[in-house]
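Notes for the structure review
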Amino acid sequence: MNPPDNPEILPRPLGVPGSIAHAVLGADDPGLLPLASRLSGIHPAPSRRSRLEPDAFGVSGPGVRARLESVLRGQGAFVTTGHQPILLLGPLYVLYKALTAISLAARLEKALGAPVVPLFWIASDDHDWAEVGGTTILDPSDAPRTLALPVPPGGERRSVGSHVLDGRGMEVLDALPEIVPELEFTAHYLELVRDAYAEGRSVSAAFARLLAGVLGDREYAWIDSARPEVRRAAASFHRRLLSDWDGILEAEAAGVRALRTSGFEAPIPRVEDALPLFFDAGGGRHRVRRDGTAPPEAWLERLESAPEGFSPNVASRPALESYLLPVAATVLGPGEIAYWSQLGPLFGALDVPLPSVQPRAAWTLVEARTRRILERTGLSPQDLAMGADPVVERLTREARPEAVVRALGRFREGIETGMAAIEEAVAEEVPGLRGAAGKMRKGILDAASELSRQVDRATRERLDVRLGQVRRAGANLFPRRRPQERVLNPLSFLCRYGPGLVGRLARETDRRVASFLAGRAEDG
């Protein structure tokens, strides 16, 4: 029998049981979102022209440019996905989202007979530095190491994507060669990083350049949400929000009620009298609210004078995409599926079509060295879902010398019986010594517990190599007790397996997309 490919690419459920994503993708779908589970349910909108011009987009090649221009003229559609411009592409799932969108667009284009372009929306107006400014990479010992850009002075409430890489940021990136393993493809990917993350380039532009380098010759387009053209084109959308304040708030409330009717709390909390909109006058983003000092009319006047200062929040950004562009379908992860499930009424209030939803592919990469550890210890990848520590404790218990364990157990039983008799006699005859008897019991049992701990330490020392391997496998598969794809950056895997890994992921993703489109959802 041929050995499995290295690494193995194992599918994993996108939504955990009890989650909104699990319900939406499962047999008991509450009908909160239109799913792309049948090709016949997705239609391009040929009469809908884009509100943006071709120059607002980046493309991976000249062939994409021609198809993009057709779509923008209203002769096709987009399949969108996106993410904040997280450092060095962030966790693996960002790459999985891009590959899922590329696969779905190709299949829809063939089925619908019209250009369908995969589009990556770079949400560069996000200001969460803790999430966007850092990434976690496995070092050569399989220990997770985090790189983080320093927050610029006064930048806590400013967008991460517009931040221009300076000397302090370059010092952080200069540490990368010491973290990634020195393997066959390391030089290639470090060169891609150096080319993308050049001093003087914005974080969002660097993200786009590195993503293009990792995806190679795959055809797709991208757009930066903070581009001036996007901000100007979004002004009429923001005017819709500001002109129907009560209607928008009621639509948000209706989305919350719909989720609660299905047994779920809404992921996006409502803010009293606040629209799903931000404004930045130069000192950081703030929620648009109406009060005595800023009534709706004042906000409309501000929109006329400074349209570039407004940006959508997590609730209105999906509707903005479909307002600006003819979007046939969108690729979402589990968290996005959850919050999109409350957005149907908001799309309706804004008179924007709600696109069909395709869940992104979800994978676990199991390397051959990790597979060998699993086989030697009789574990499955899922056994490490809570981290390596519970498995280490179990293996230690199983390896403890049975004769010592039995003897300690008998000793404790004898102590409990003997001390109970002593304490009873002391309580009757010399009650003033009950405290001394209690201390005696505690001292004996503490000594037994200390011996038990020493036995465990000796056992762990005897199993040191084996337990170290289990911890290494745990750090690889479920770092920090979270799924690999949600924590680990792809660089350590790409340095080891090269562009061929991206090709294999693309093929597996295409099979996953085909299965979902045929109505065979593979989640949970």
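About the criteria used
Sequence order sets the numbering: in each chain, residues are counted from 1 along the sequence as written. Thresholds applied to this predicted model are a pLDDT of at least 70 for local features of residues and 80 or more for the giving and counting of side-chain atom pairs; totals over whole chains, interfaces and linings are not thresholded and use all residues. Side-chain measures were taken over the full set of non-hydrogen atoms in the model, leaving aside hydrogen atoms and water. The axes are straight lines fitted to the C-alpha atoms, using for helices just the contacting stretch, and the angles between their N-to-C directions are given from 0 to 180°. Helical segments are the DSSP runs of H or I of at least four residues, strand segments are the runs of E of at least two, and each set is numbered from the N terminus. These descriptions rest on fixed angle ranges, namely under 35 degrees for roughly parallel, over 145 for roughly antiparallel, 65 to 115 for roughly perpendicular, and the rest for oblique. Here a crossing is taken to be left-handed if its near helix is turned anticlockwise relative to the far helix by less than a right angle, and right-handed if that turn runs clockwise. Any two residues whose heavy atoms approach within 4.5 Å at even a single point are treated as in contact. Residue type decides the class: Asp, Glu, Lys and Arg count as charged, Ala, Val, Leu, Ile, Met, Phe, Trp, Tyr, Cys and Pro as nonpolar, and the leftover types, Gly among them, as polar. Any two strands are treated as partners once DSSP identifies two or more bridges connecting them. For this document, the term salt bridge refers to a Lys or Arg side-chain nitrogen within 4 Å of an Asp or Glu carboxyl oxygen. Classification of residues uses two cut-offs on accessible area relative to the type maximum, computed with a 1.4 Å probe and protein chains only: under 20% is buried, over 50% is exposed, and between them is partly exposed. Each pair of aromatic rings taken from Phe, Tyr and Trp, with Trp reduced to its six-membered ring, is defined by centres within 6.5 Å and is described as stacked if the planes are under 30 degrees apart, edge-to-face if over 60, and tilted in the remaining cases. By definition here, charges over rings are those cases where NZ of Lys or CZ of Arg is within 6 Å of the ring centre and within 35 degrees of the ring normal. Side-chain atoms alone can form a polar contact between residues adjacent in sequence; in general such a contact is a pair of N or O atoms within 3.5 Å, and within protein one must be able to donate a hydrogen while the other accepts it.

How two helices pack is summed up by the angle between their axes together with the distance between the axes. For the pair helix H10 (residues 235-243) and helix H13 (residues 317-324), the least separation of the axes is 10 Å and the interaxial angle reads 130°. Classified by the angle between their axes, H10 and H13 sit oblique to one another. Every pair of crossing elements has a handedness; the one defined by H10 and H13 is right-handed. Contacts between H10 and H13 involve Ser-236, Phe-237 and Arg-240 from the former and Ala-319, Leu-320 and Tyr-323 from the latter. Split by residue class, the contact of H10 with H13 holds four nonpolar, one polar and one charged.

Moving on, we get to the sheet that holds strand E11 (residues 327-332). Strand order in the open sheet formed by six strands is E2-E7-E4-E3-E11-E12, with mixed pairing between adjacent strands. The open sheet is flanked by strand E2 (57-59) and strand E12 (356-359), the only strands paired with a single partner. When strand polarity is set aside, the average angle formed by the axes of neighbouring strands in this sheet is 30°. The pairing of E2 with strand E7 (residues 221-224) spans three bridges and is antiparallel. If you follow Val-59 over to E7, its bridge partner there is Ala-221.

Here we come to the sheet that holds strand E9 (residues 285-289). Taken together, the three strands give an open sheet; going across it, the order is E9-E8-E10, and neighbouring strands pair in antiparallel fashion. The open sheet has two free edges, formed respectively by E9 and strand E10 (310-312), since each of these has just one partner strand. In this sheet, neighbouring strand axes are inclined to one another by 45° on average, regardless of whether the strands run parallel or antiparallel. Relative to E9, strand E8 (residues 274-280) runs antiparallel, the two sharing four bridges. Bridging across to E9, Asp-280 finds its partner in Arg-285. Set on the sheet, H10 makes contact with E8, E9 and E10; between it and E8 the angle comes to about 130°. Against the sheet, helix H12 (residues 296-305) contacts E8, E9 and E10, and its axis sits at roughly 105° relative to E10.

Scanning the model with the defined rule gives 28 salt bridges in all. With its nearest N and O atoms 3.1 Å apart, the salt bridge here joins Glu-367 to Arg-496. Taken together, the residues span a long stretch of sequence, with Glu-367 in the loop between strand E13 (363-366) and helix H16 (368-377) and Arg-496 in helix H21 (residues 491-497) at a distance of 129 residues. For Arg-496, a relative accessible area of 25% puts it in the partly exposed group.

Scanning all chains against the criterion turns up eight aromatic pairs. Summarising the aromatic geometry, the rings of Phe-237 and Tyr-323 are spaced 5.3 Å apart at their centres and angled 50° between planes, so their arrangement reads as tilted. With Phe-237 in helix H10 and Tyr-323 in helix H13, the pair connects residues that are 86 residues apart, well separated along the chain. Comparing Phe-237 with Tyr-323 shows no difference in burial state: the two are buried. Grouped by ring-pair contacts, the aromatic residues Phe-279, Trp-299 and Phe-310 constitute a single cluster. The ring of Tyr-323 has Arg-51 sitting right over it, with the charged end atom 3.9 Å from the ring centre. Stacked on the ring of Phe-278, the Lys or Arg Arg-285 has its end atom at 4.1 Å from the ring centre.

Moving on, we come to the side chain of Thr-377. Relative to the elements of secondary structure, Thr-377 occurs in helix H16. Residue Thr-377 is classed as buried on the basis of its relative accessible area of 10%. There is a polar contact of 2.7 Å between the side chain of Thr-377 and the backbone oxygen of Ile-373.

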